[in-house]
Structures are given as C-alpha cells and as structure tokens.
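# Residue-level structure breakdown
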Amino acid sequence: MAQEAAQGPIYIMKEGSQSTTGRDAQYNNIMAAMAVAGSVVSTLGPKGMDKMLVDSTGDIVVTNDGVTILRKMDIEHPAAKMIVEVAKTQDAQVGDGTTTAVVLAGELLKQAGILLERNVHPAAIIKGYGMAAKKALELIDDMAIKVSEKDVEMLRKIAGTSFTGKDSENAREFLSDMVVKAVARMMEKDSKGNYEVDTKNFVLVKKAGGEVADSKIVEGVVIDKGIVSFQMPRKLKNAKVLAMEYGFDARDTKLDAEYKVKSNVGFQAFRDEEDRQVREQVERVAKLGVTAVFTTQAINDLAQNYMAKYGIIGLRRLKRSDVDRVAKASGGQVITNLDDISQIDIGTVGQIEEIDVGDDKMTVLTGCKDNNVISFILRAPTTHIVDEYERGIDDALHAVETSIKDGKIVPGGAAVETELSLRLRQYAATVQGKEQLSIQAFADALEIIPKALAMNAGLNAIDSMIELKTKHGGKGGRNFGLNVYTGKSVDMVKAGVVEPLRIKTQAVESAVEAVQMILRIDDVLAATQVKPPAGPQGGPGGYGM
Ligand code: ADP
Ligand code: MG
C-alpha cells in the first residue's frame, strides 16, 4: 500500500478513457437495457400502439413491429445494443415475437436489479435464471399442440395471430389465407423428409392506392413493370422465355467514337452499322424460337421494332433478382451474351400477360415449369399501410413456416407466460438458497407479458392477471389467455389464438442469454471516442471552437 501511494496512481488505459465499475456499471447497464424494452412494450399485442419513426432524412415509418422499431432507433449504449441483438436473433430465427423477447429481457433485468439491491450476488441470479429457463423450455414443450401442413384451418389461425396489431380486422382473414397458400406452395420436402421453404420463391409487389381486398395472389412471377413497347403483344400463351443480363443495343462503342457525326455520310454509316448489329441480335434470338425477353439491361428503340416484327415481347432494365426468378420459374438460365446460347438456356411458361394495377402496368407469368414460385400484389390505401402489412405478412409467413417445420404450436394471449410463471413458482419452492429467489424473480418477470397485453388494451392489468391465474390454477385451464377485446380469460386454442412453439422457446433462450451476459459485466471500460479530424481552417465540425 505504502509503495503504491508513493508511486501515485497507475494508469493502464489511455488518458480520457472512461471506466465504470461494480454496482454502478451493473445498474447503468440494467437501466439502459430496460429503457430499450420500455420503448417497445406499448406496442405488444393486438391492441398495441404504433410508433412513428422519423429518420435523419425525414423518412417516416409507422410500425408496431419490435425489431423494426429497434433497428431504426440508432441505439448507442453497449448494453442496450445487446437487447437489440435479442430482437434481431428472434427475427432471424423465428421471424416473429421480437417485442415479446425484448420485453421479457427487460423485465428479467429489472427483477435482477431488485435482487442485486437485496445483496443477491450476480452469480446466483445468473445460475437461477439458467435453471428457470431450462425448466421453462420443458414446460413450454409440454404445452405444445401438434400441427401439420394439412391443418390448413389451424395454419390460418397462426397467420392471423401473427398479424395482430399490423392489420385491420377485414384484412386479417384475407391476408392469412394468402399467407397459408403461399407457404403451401413454396414448401418442399427434402430427401430426409424435412420441410424446406425457399423464400427466393416468393416475391411481394407493393402498390399503394386501393383496398387490401384488391390484393392478389399469383401462382407465378409478378414483375413490377410493363412490356417495353406498345407494338408488342400484351398477352402470350406458351411463351419461350429468355432471361438475360445483356442488352439489345449497338455493341461496338468504337463505332460511336469514329463516326462522331463528322459528316452526314459518317452518321448514316454509323446508323446502318448500328441497325445491322441490333437486327442480328434480335434475329439470333428469334431463330431459337424465343418469344419473350427479360433483361436487366437496355432494349433500344431499334431492337423494340425488330422484336415487335417477330412478335417477341420484351421487358428491360429489370432488377437482377427478377430476372433470376424468371429464369428459375421458367426452367431457363440467365445468359450474359448471345454467343453460345442454346435451347437449354431457354425456359417456358404457360402465359405472360401485362395487367393494370392502379395506374401502373405489371407483368404476370403463370403456368410456370417450377410450381414453387408465388407472388403477392399487395394493395392498401397508403404507402405506410402497405409497408406495415408487408411486415405483417413477413411475420406471418415465418410463423406458419416455423409451425410446419417444428410441427408444434402453443396457445397465445399470454397463456404460456401465465402457465410458466405459475409452474416456475412451484419449481422454485423445490430449490434451495439464493437460486430460489432468482427463479421466483424469473416467474415474476414472465407476468409482464399478460400485464402488458392487458394494459395496452386499456384493461386493468391486476384484475386480468388475477383472473388468468385463477383459471391456470384450476383444472384444464392452462390454455387460457387474455381476450384483449372483452377482457375475459378464454381458452386460446378454442379462440383460435395460436402461435409457433419456437416463438416462445426462442424468446426465453435469447432473452436469458442476453440478460446473463449483461449481469456478468462488472466493469465497463470505454476508450475515448475518436474525434473526426478538424478540417482546414476549422472546417466541418470546427465552428471555431
Ligand atoms: P411480437 O413482436 O412479440 O410478436 P406482437 O405485437 O405481435 O408482438 O404481439 C404478440 C402477442 O400478442 C403474443 O403474446 C400473442 O399471443 C398476443 N396475441 C395475438 N393475437 C391475440 C389475440 N387475438 N388475443 C390475445 N392475444 C393475442
Ligand atoms: Mg407478432
């Protein structure tokens, strides 16, 4: 000690670095993580509110989707970021339940904070939470109900539950039906009998203006573009399709430079050469019997004329993903030059048709060789609503897919969380020491889900909780959840509010993992922020300060 005092403090980090230690660090992290959860809790459930997010460019997003909100929030605090990761993991693994996972993580930390104040060591909390999570996963599995791809009615209900809060009542049934049809079509069984859904098979084309009921499901490919020239047919049966990353225009750029309109003669020669090149390209394709061309690149006026003469339709300047999808759906290949093109590169589809959607033209390919491809044309009154429906569809697609893959679903409306809370309290009683307190804290934390559902619906959270607990305590009540419309506890399976099992297991797993990680931290060592170099004469960022 004396030696240390004589030498003065020893710095092990760069001057200006910040360090927060012990309790301070823990509380600081807990508060930050809780703030993240607090920012989304009001959006939970069918009656949850929406958030309006405005980014630095003034773009507006109105949503109730947990992961979307957190992604847009630009969160900086390191512990808060770990909670955002929970949402991202949930989104990647299940595609739904992101708010639930984050809210649960926040509440687990809040309860941990209370235990810390009571001088429970973080290690005991970490261990107790781990035990509780393990038990919870068993209990969730025990509550599961079997489902298969044939239970179409049940799958519609899963989609419907997933849409909560992102729909209007009339849209839900309609969209749920579309979602189930889409998954059924995309789903393929692999050699081991496992289901695979290739999301590349699906495309959603959005068009604001109009009603949801004007939306369409297309068993094929939809391209958000019309046919390039009015001289071409609007509709084609049994089309031979060529997908290209190649343009129909003059190739030889040297020509351009040489003739640079020096004289009328030169210009005419240039035009003749261009004409010859383009005609050759089109003729080559026509000879192979191609009747429809889809390209990422240009189709110039000359080419359009020649194509029209041969009765070939063309779509130009498409996204590469659209061209890929056309190739896949028609059984062809995307070609990048015309030199060694052959019949195997050419695909076929039953019909190609240009349709009107609102004021726009789209092109629809049906009767495709590959019958896993499917598209939605999504309509809704405004762009903000269309975007929110898109997020809802994305959640619902994943929920249905996950349910079929796992073959297991659970009741929604906080039935699972209420049951878990009750059973974990019983379990806690069998455990000794500080871990017991931690398992109880875990049980308390789970109650945030029924409480938030109730509060967001304008119900009294305590009353709703008591009624739910009474039902779960009684016989045959474990599927009871909160009907947010009436405030009553009802059997959620009978009410058709069901969710994939994995929504709940993943939420518990990733929430606990993040919480344990945050609790393990007792030191935050932050390097000094690197300041951007000041520009000449106090340029950007300078302001003469
Ligand atoms: P998350 O991002 O967690 O999916 P949501 O806002 O989608 O958040 O809300 C999901 C919660 O709403 C789940 O607990 C689910 O069971 C519940 N829920 C969905 N539909 C209903 C319903 N009709 N009645 C009661 N609860 C519902
Ligand atoms: Mg959801």
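Scroll up to find the structure this text is about.
Every chain begins its residue count from 1, and numbering advances along the sequence as written. By the order in which they are written, chains take letters starting at A while ligands take numbers starting at 1. Two thresholds apply to this predicted model, a pLDDT of at least 70 for residue-level local features and 80 or more for giving and counting side-chain atom pairs, whereas whole-chain, interface and lining totals are computed over all residues. Calculated side-chain values reflect all of the structure's heavy atoms, with hydrogen atoms and water omitted.

### Considering the overall build of the protein chain
We apply this condition: Helix and strand labels come from DSSP, where a helix needs a run of H or I of at least four residues and a strand needs a run of E of at least two; each type is numbered from the N terminus. For a compact globule the rule gives 2.2 Å times the number of residues to the power 0.38, and the radius of gyration it is set against comes from C-alpha atoms. Only protein chains enter the accessibility calculation, which uses a 1.4 Å probe. A residue is then buried if its area is under 20% of the maximum for its type, exposed if over 50%, and partly exposed in between. By definition, residues are in contact when any of their heavy atoms lie within 4.5 Å. The accessible surface values rely on the Shrake-Rupley method and a 1.4 Å probe; as for residues, cover is taken only from the protein chains in view. Lys and Arg are tallied as positive, Asp and Glu as negative. Neither His nor the chain termini are counted. Just so you know, the charge point we use is NZ for Lys, CZ for Arg, CG for Asp and CD for Glu.
The number of helices and strands found in the protein chain is 18 helices and 21 strands. In terms of overall dimensions, the protein chain is more spread out than a globule: its C-alpha atoms have a radius of gyration of 30 Å, far above the 24 Å expected for 545 residues. Along the longest, intermediate and shortest principal axes, the C-alpha atoms of the protein chain span 95 × 70 × 45 Å. By the burial criterion, 50% of the 545 residues in the protein chain qualify as buried. In the protein chain, the share of contacts with a sequence separation of at least 24, taken over all contacts with a separation of at least 6, comes to 74%. Accessible area of the protein chain: about 26700 Å², with a carbon and sulfur share of 51%. Taken as two groups, the 68 positive and 75 negative side-chain charges of the protein chain have centres that lie 3 Å from each other.

### Points about the sheet that holds strand β8 (residues 216-218)
Inclusion rule: Strand pairing is assigned whenever DSSP identifies at least 2 bridges connecting the two strands. Interaxial angle, 0 to 180 degrees, is taken between N-to-C directions of lines fitted to C-alpha atoms, where a helix line uses only the stretch in contact.
Spatially, β7-β16-β8 is the arrangement adopted by the 3 strands of the open sheet, whose pairing is mixed. If you trace the sheet from one side to the other, it starts and ends with β7 (202-208) and β8, each paired once. Between one strand and the next, the sheet's axes are offset by a mean angle of 15°, whatever the strand orientation. In the packing of helix α13 (residues 383-406) onto the sheet, the strands contacted are β7 and β16 (374-380), and the crossing angle to β7 comes to about 160°.

### As for the packing of aromatic side chains
To keep things clear, this is the line we draw: Only Phe, Tyr and Trp rings are paired, with Trp represented by its six-membered ring, and only when their centres lie within 6.5 Å; those with planes under 30 degrees apart are stacked, over 60 edge-to-face, the remainder tilted. By definition here, charges over rings are those cases where NZ of Lys or CZ of Arg is within 6 Å of the ring centre and within 35 degrees of the ring normal.
A complete count under the given rule lists 3 aromatic pairs for this structure. Taken together, a centroid distance of 5.1 Å and an interplanar angle of 85° make the contact between Phe202 and Phe376 edge-to-face. Linking Phe202 in strand β7 with Phe376 in strand β16, this pair joins segments that are 174 residues apart in sequence. A cation over a ring is seen here: Lys135 above Tyr427, with NZ or CZ 5.2 Å from the ring centre.

### Concerning the packing of helix α14 (residues 415-429) against helix α15 (residues 434-446)
Convention followed: Here the angle decides the label: under 35 degrees means roughly parallel, over 145 means roughly antiparallel, 65 to 115 means roughly perpendicular, and every other value means oblique. Helix crossings fall into two classes, left-handed where the near helix is turned counterclockwise from the far one by less than a right angle and right-handed where it is turned clockwise. Asp, Glu, Lys and Arg are counted as charged, while Ala, Val, Leu, Ile, Met, Phe, Trp, Tyr, Cys and Pro are counted as nonpolar; the rest, among them Gly, fall into the polar class.
One can describe the packing of α14 onto α15 by two numbers: an axis separation of 8 Å at closest approach and a directional angle of 170°. With respect to their mutual orientation, α14 and α15 come out roughly antiparallel. α14 and α15 meet at a crossing whose hand is left-handed. Judged by residue contacts, Glu417, Leu420, Ser421, Leu424, Arg425, Tyr427, Ala428 and Ala429 of α14 engage Gln436, Ile439, Gln440, Phe442, Ala443, Asp444 and Leu446 from α15. Classifying every residue of the contact of α14 with α15 by side-chain character gives 9 nonpolar, 3 polar and 3 charged.

### Considering the site of ligand 1
We apply this condition: A single heavy atom is enough: if one lies within 4 Å of a molecule or strand, its residue is considered near that molecule or strand. The term polar contact refers here to a pair of N or O atoms within 3.5 Å; inside protein, the definition further demands a hydrogen-donor-capable atom paired with an acceptor-capable atom, and it admits residues adjacent in sequence only when both atoms are side-chain atoms.
Residues in contact with ligand 1 amount to 19 residues; listed here are only the nearest, Asp96, Thr99, Thr100, Thr164 and Gly413. A distance of 3.0 Å is found between an oxygen atom of ligand 1 and a backbone nitrogen or oxygen belonging to Gly45. Between ligand 1 and Thr98, the relevant distance is 3.3 Å, taken from an oxygen atom to a main-chain nitrogen or oxygen of the residue. Burial of ligand 1 by the surrounding chains reaches 97%, relative to a free accessible area of 570 Å². Ranked by the residues each element gives to the shell around ligand 1, the list is headed by helix α5 (residues 98-117), at 3 residues. Classifying every residue of the shell around ligand 1 gives 5 nonpolar, 11 polar and 3 charged.

### Digging into the sheet that holds strand β4 (residues 145-146)
Pairing is antiparallel in the open sheet, where 3 strands are placed in the order β4-β17-β20. Two strands in the sheet have a free side with no partner beyond their single neighbour: β4 and β20 (498-500). Its contacts with the sheet place helix α7 (residues 152-162) against β17 (408-411) and β20, and it is angled at close to 85° to β20.

### A few points about a nonpolar patch on the surface
Threshold: In this analysis, a patch consists of residues with relative accessible area above 30% that form no salt bridge, clustered at 9 Å for like charges and at 5 Å for the nonpolar side chains Val, Leu, Ile, Met, Phe, Trp and Tyr. Definition used for salt bridges: Asp or Glu carboxyl oxygen within 4 Å of a side-chain nitrogen of Lys or Arg.
A contiguous nonpolar surface patch, about 450 Å² in accessible area, is contributed by Ile10, Ile12, Met13 and Leu525. You can see Ile12 is positioned in the loop between α1 (2-7) and β1 (18-21).

### Some words on helix α2 (residues 22-40)
Heads up, the rule is: In this analysis, the expected span of each helix is defined as 1.5 Å times one less than the number of residues it contains.
Taking 1.5 Å of rise per residue, the 19 residues of α2 would be expected to cover 27 Å, and the 28 Å separating its terminal C-alpha atoms lies within 8% of that figure. Of the positions making up α2, those classed as buried are Ala25, Gln26, Asn29, Ile30, Ala32, Ala33, Val36, Ala37, Ser39 and Val40.

### What about helix α17 (residues 461-473)?
In an α-helix, one turn spans 3.6 residues; hence positions three or four apart end up facing the same way. Stated formally: This arc is built from the directions going out from the helix axis to the C-beta atoms.
When the terminal C-alpha atoms of α17 are compared, their 18 Å separation across 13 residues agrees well with the 18 Å that a helix rising 1.5 Å per residue should span. Among all positions in α17, only Ala461, Ser464, Met465, Leu468 and His472 are buried. Buried residues of α17 fall within an arc of 100° about the axis and therefore sit on the same side. Exposed and facing more than 90 degrees away from the buried side of α17 are Ile462, Ile466, Thr470 and Gly473. Buried residues along α17 sit against α14, α16 (448-456), β18 (480-482) and β19 (489-491).

### Notes on the pattern of salt bridges
Scanning all chains against the criterion turns up 37 salt bridges. Of the charged contacts in the structure, one is a salt bridge between Glu447 and Lys451, with a shortest N-O distance of 3.7 Å. Residue class for Glu447 comes out buried when judged on its relative accessible area of 8%. Overlapping salt bridges bring together Arg425, Asp444, Glu447, Lys451 and Lys469 as one network.

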